[in-house]
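Observations on the model geometry
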Amino acid sequence: MSRRTPASWSTLCLGLLAALACSAGEAPPAIDLLVVNANVVTLDAARPSAEALAVGGDRIVWLGSTQEARQRWPEEAALNLAGATLIPGIIDAHTHLLSLGESYIKINLRDLPDESAIVERIRQAAATTPPGEWILGWGWDEGKWAARYPTNAALSAATPDHPVFLVGLHGFAGWANARALELAGVAQDTADPPKGQIVRDPATGLPTGILTNRAQELVTRHLPPLTPEQTQRAIELAAQECVKHGLTSVHEAKVSAPMIEAYRALLRENRLPLRISVMLDGADRALVDEWLARGPEVDPAHRLHIRSVKLFADGALGSRGAALLEPYSDEPGSRGLFTTPGEAVYDITRRSLERGFQVATHAIGDAANRAVLDAYERALGEANASDARLRIEHAQVVAAEDIPRFAKLGVIASMQPPHATSDMPWAEQRVGATRIQGAYAWRSMLASGAHVPLSSDFPGETLDPFHGIYAAVTRQAPDGTPAGGWRPEQRLTLDEALRGYTREAAYAEFEERDKGSLETGKLADFLVLSADITQLAPPQLLELRVLRTYVGGKLVFESDGQVSPTR
Ligand SMILES: [Zn+2]
């Protein structure tokens, strides 16, 4: 199909005057793509369904019935979906593209069952790696293994000639062999850094090789950095995986200057198939100061928005790094730890708001969530920001009295359904029977009136959004356990879950006028699915496949031969 009118048509027609000129009686506009015989789920309350959809430029210019479409554009070759379901593109509100991409470059340990399997995999890698070169792996589960971390004894014996560093699935702990500790200068007398722990053998006091939170930096600062080409390649591989699973936009949660350079290069070379809203790494003061001085970058093409700052208030619940108001139920001596104190959250938030930036702060524990809400409240009171949309990432364990504060302050609760079903085997042990009621509490959060965008937080969790939707509507693991769901009173409906991955996520990046539903004038980001998502029993969601992914009206992914367009 070729374009027959100037590229400005779709933007013109969005204007009021042009909209009048385009109304009934005029010849229908030339278009770039016409889809007919589809089951279009629009997520637009004013028109929940349609059969046909027309795209001009990168926008939806018309929705209606197949019959109307044929009458309006009798000459136009149409994509006939033969009844297949079409939904808005998924917007994943919290992702780590580069980490996912790095995992394609690093040795993947994710599905290995135990320590000996991991040691064996690394031993094999060492056999083909020149002595002295780093061996990097990713994906052992520091949450699941927190009860009994491995030591590096077997790992070091298998790899005497190579430094080895294996990052945990969620990035909250790393596992170094003896050679890596030696290169990093980590020894018995090395003090724990302020925001992390060098795990030690209780008998000898010697480091075991496990480094939690910021203690990992003792080793990672000695790693050779990725080259710009490696960074681009990793992001490109991850983005391809995203569109294959129906993600048309992502919110990148912690972005460095080299990552921004990589996105720009990929966009220039047309190698980035999806849209990105980035959260600048708030721990990098130079980066934050530079961007606050120059102001936000809002992309008129909606490909790369830079208007948000990411902070970390605490660690993770699995490794007991989340900051709690009262001690851990399974470790009475510990309340976890703050990684950014409330005062600093307040200071950066006020400055960010004054410069037109959003702030998104990672907060897992109830103490961290309260401190961030307090900091946000104070900053909102002082900065003159009309549309702040401050976010808390995860909002995982929230005290009952703090839940209503999200809606009251307009703070977005950016939550991850897969975290609940991954953490449910041990989460209650950490926080006990009372605090668990405010944990992973999507339903309570929605009922309080808060915006609740949903996300995967990949690569710690699967990026498949239908697995996330399954977790949201069932609160069960993929094997269907526990029967009836874990704390089922917090389940969402399918509609709520879908909205979380589309409209709510669009709101969280100031994009609700352009994305999140299928309406005339919005960006033509949509998916063709292997089944009607609205008619499936929950376990069937796990089998749902994306057949085609469109971003801005352009086909960016097509599975092999399952939809054959007829003309
Ligand atoms: Zn994250």
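Predicted, not measured: the structure shown is a model, and the values here were computed from it.

Across its full length, the protein chain carries 21 helices and 23 strands. Compactness check: the protein chain gives a C-alpha radius of gyration of 25 Å against a globular reference of 24 Å for 567 residues, within 12% of the reference. Overall, the protein chain is about 85 × 55 × 55 Å in size when its C-alpha atoms are taken along their principal axes. Buried residues in the protein chain amount to 57% of all 567 residues. Within the protein chain, contacts between residues separated by at least 24 positions form 72% of all contacts whose residues are at least 6 apart in sequence. Put simply, the protein chain shows about 22800 Å² of open surface, and 52% of that area lies on carbon and sulfur atoms.

Bringing helix α18 (residues 465-474) into the picture now. The element α18 is extensively covered by neighbouring structure, given that 9 of its 10 residues are classed as buried. Every buried residue of α18 is listed here: P465, F466, G468, I469, Y470, A471, A472, V473 and T474. A distance of 2.8 Å separates the backbone nitrogen of F466 from a side-chain oxygen at the start of α18, and that oxygen is part of D464. In the segment just after α18, R475 is the residue with positive phi, at about 50 degrees.

Attention shifts here to the environment of A385. Inspection of the secondary structure assignment puts A385 in the loop between α13 (366-382) and β19 (391-394). Exposure remark for A385: the relative accessible area of 27% places this residue in the partly exposed category. Along the sequence, A385 and L492 sit 107 residues apart, while their C-alpha atoms lie 32 Å from each other.

The N-to-C vectors of helix α4 (residues 97-105) and helix α9 (residues 228-244) enclose an angle of 100 degrees; their axes lie 7 Å apart at closest approach. The orientation of α4 relative to α9 falls into the category roughly perpendicular. Contacts from L97, L98, L100, G101, E102, Y104 and I105 of α4 reach α9 at Q230, T231, A234, I235, L237, A238, A239, E241 and C242. Of the residues that constitute the contact of α4 with α9, the class distribution is 11 nonpolar, 3 polar and 2 charged.

As a further point, take the pairing of strand β14 (residues 207-213). The element β14 is largely enclosed, with a buried count of 7 among its 7 residues. Here strand β12 (residues 173-176) pairs with β14 via 3 bridges, running antiparallel. When the bridges of β14 are listed, G174 appears paired with L211. Sheet analysis places strand β13 (residues 196-200) next to β14, joined by 4 bridges and oriented antiparallel. In the sheet register, I198 faces β14, and the bridge partner there is L211. Counting the residues in the hairpin turn of β13 and β14 gives 6 residues, including G205, whose phi is positive at 80 degrees.

Scanning the model with the defined rule gives 7 aromatic pairs in all. With a centroid separation of 5.6 Å and an interplanar angle of 75 degrees, the aromatic rings of W140 and W175 are classed as edge-to-face. With W140 in strand β10 (residues 135-140) and W175 in strand β12, this residue pair connects regions lying 35 residues apart in the sequence. In terms of burial, W140 and W175 fall into one category: buried. Between W145 and W175 the ring centres are 6.1 Å apart and the planes differ by 65 degrees, which places this aromatic pair in the edge-to-face class. Residue W145 is found in the loop between β10 and α6 (153-158), and its partner W175 is found in strand β12; the two are separated by 30 residues along the sequence. Residue classification places W145 among the buried residues on the basis of a relative accessible area of 16%. Three or more aromatic residues joined by ring pairs form one cluster here, namely W140, W145, Y149 and W175. Positioned over the ring face of Y507 is R389, at 4.0 Å from the centre of the ring.

This part is about the packing of α9 against helix α10 (residues 257-268). Where α9 meets α10, the closest approach of the two axes is 9 Å, and the angle between their N-to-C directions is 65 degrees. Here α9 lies roughly perpendicular to α10, going by the angle between them. In this structure, the crossing between α9 and α10 has a hand that is right-handed. Residues T231, Q232, I235 and E236 of α9 form the contact with α10, whose participating residues are P258, M259, A262, Y263, A265 and L266. Of the residues that constitute the contact of α9 with α10, the class distribution is 7 nonpolar, 2 polar and 1 charged.

Remark on secondary structure: sheet strands pair via backbone hydrogen bonds, oriented parallel or antiparallel. Spatially, 6 strands are ordered β9-β10-β11-β12-β14-β13 in an open sheet, and the strand pairing comes out mixed. Across the chains shown, the open sheet's two edge strands, defined by having one partner strand only, are β9 (107-108) and β13.

Time to look at the coordination of the zinc ion. Taken together, H94 (NE2), H96 (NE2) and D457 (OD) make up the protein donors of the zinc ion, found 2.1 to 2.3 Å from the metal. Site description for the zinc ion: donor spacing in sequence, H-x1-H-x360-D. With H94 in strand β8 (residues 90-95) and D457 in the loop between α17 (442-447) and α18, this residue pair connects regions lying 363 residues apart in the sequence. Of the residues examined, D457 reaches a relative accessible area of 13% and is grouped as buried.

This brings us to the nonpolar core. Among the nonpolar cores identified, the biggest contains 102 residues, and L317, F406 and M445 are the most heavily contacted of them. Take this core: its biggest share by element is 7 residues, from α13. Beyond its immediate sequence surroundings of up to four residues, L317 is in contact with A322, Y328, I364, Q396, V397, W426, A427, R430, V431 and Y440.

A word on the environment of T520. Mapping T520 onto the fold places it in the loop between α20 (503-508) and β21 (526-529). Spatially, the C-alpha atom of T520 lies 18 Å from that of I90, the residues being 430 residues apart in sequence. In contact with T520, other than residues within four places in its own chain, are I60, V61, W62 and L63.

Rules used in this analysis
- Residues numbered from 1 in each chain as written.
- Predicted model: local features only at pLDDT ≥ 70, side-chain atom pairs only at ≥ 80, totals over all residues.
- Heavy atoms only, no water.
- Helix = DSSP H or I, 4+ residues; strand = E, 2+ residues; numbered from the N terminus.
- Rg over C-alpha atoms; globule rule 2.2 N^0.38 Å.
- Buried < 20%, exposed > 50% of the residue type's maximum accessible area, 1.4 Å probe, protein only.
- Contact = heavy atoms within 4.5 Å.
- Areas by Shrake-Rupley, 256 points an atom, 1.4 Å probe, with all protein chains shown as cover.
- Polar contact = N/O pair within 3.5 Å; in protein donor to acceptor, adjacent residues only side chain to side chain.
- Axes fitted to C-alpha atoms, helices over the stretch in contact; angles between N-to-C directions.
- Parallel < 35°, antiparallel > 145°, perpendicular 65-115°, else oblique.
- Nonpolar A, V, L, I, M, F, W, Y, C, P; charged D, E, K, R; others polar.
- Pairing = 2+ DSSP bridges.
- Phe/Tyr/Trp six-rings, centres within 6.5 Å; stacked < 30°, edge-to-face > 60°.
- Lys NZ or Arg CZ within 6 Å of the ring centre and 35° of its normal.
- Left-handed = near helix turned anticlockwise from the far one by under 90°.
- Donors = N, O, S within 2.8 Å, 3.2 Å for Na, K, Ca; no water.
- Core = buried A, V, L, I, M, F, W, Y, C linked by side-chain atoms within 4.5 Å.

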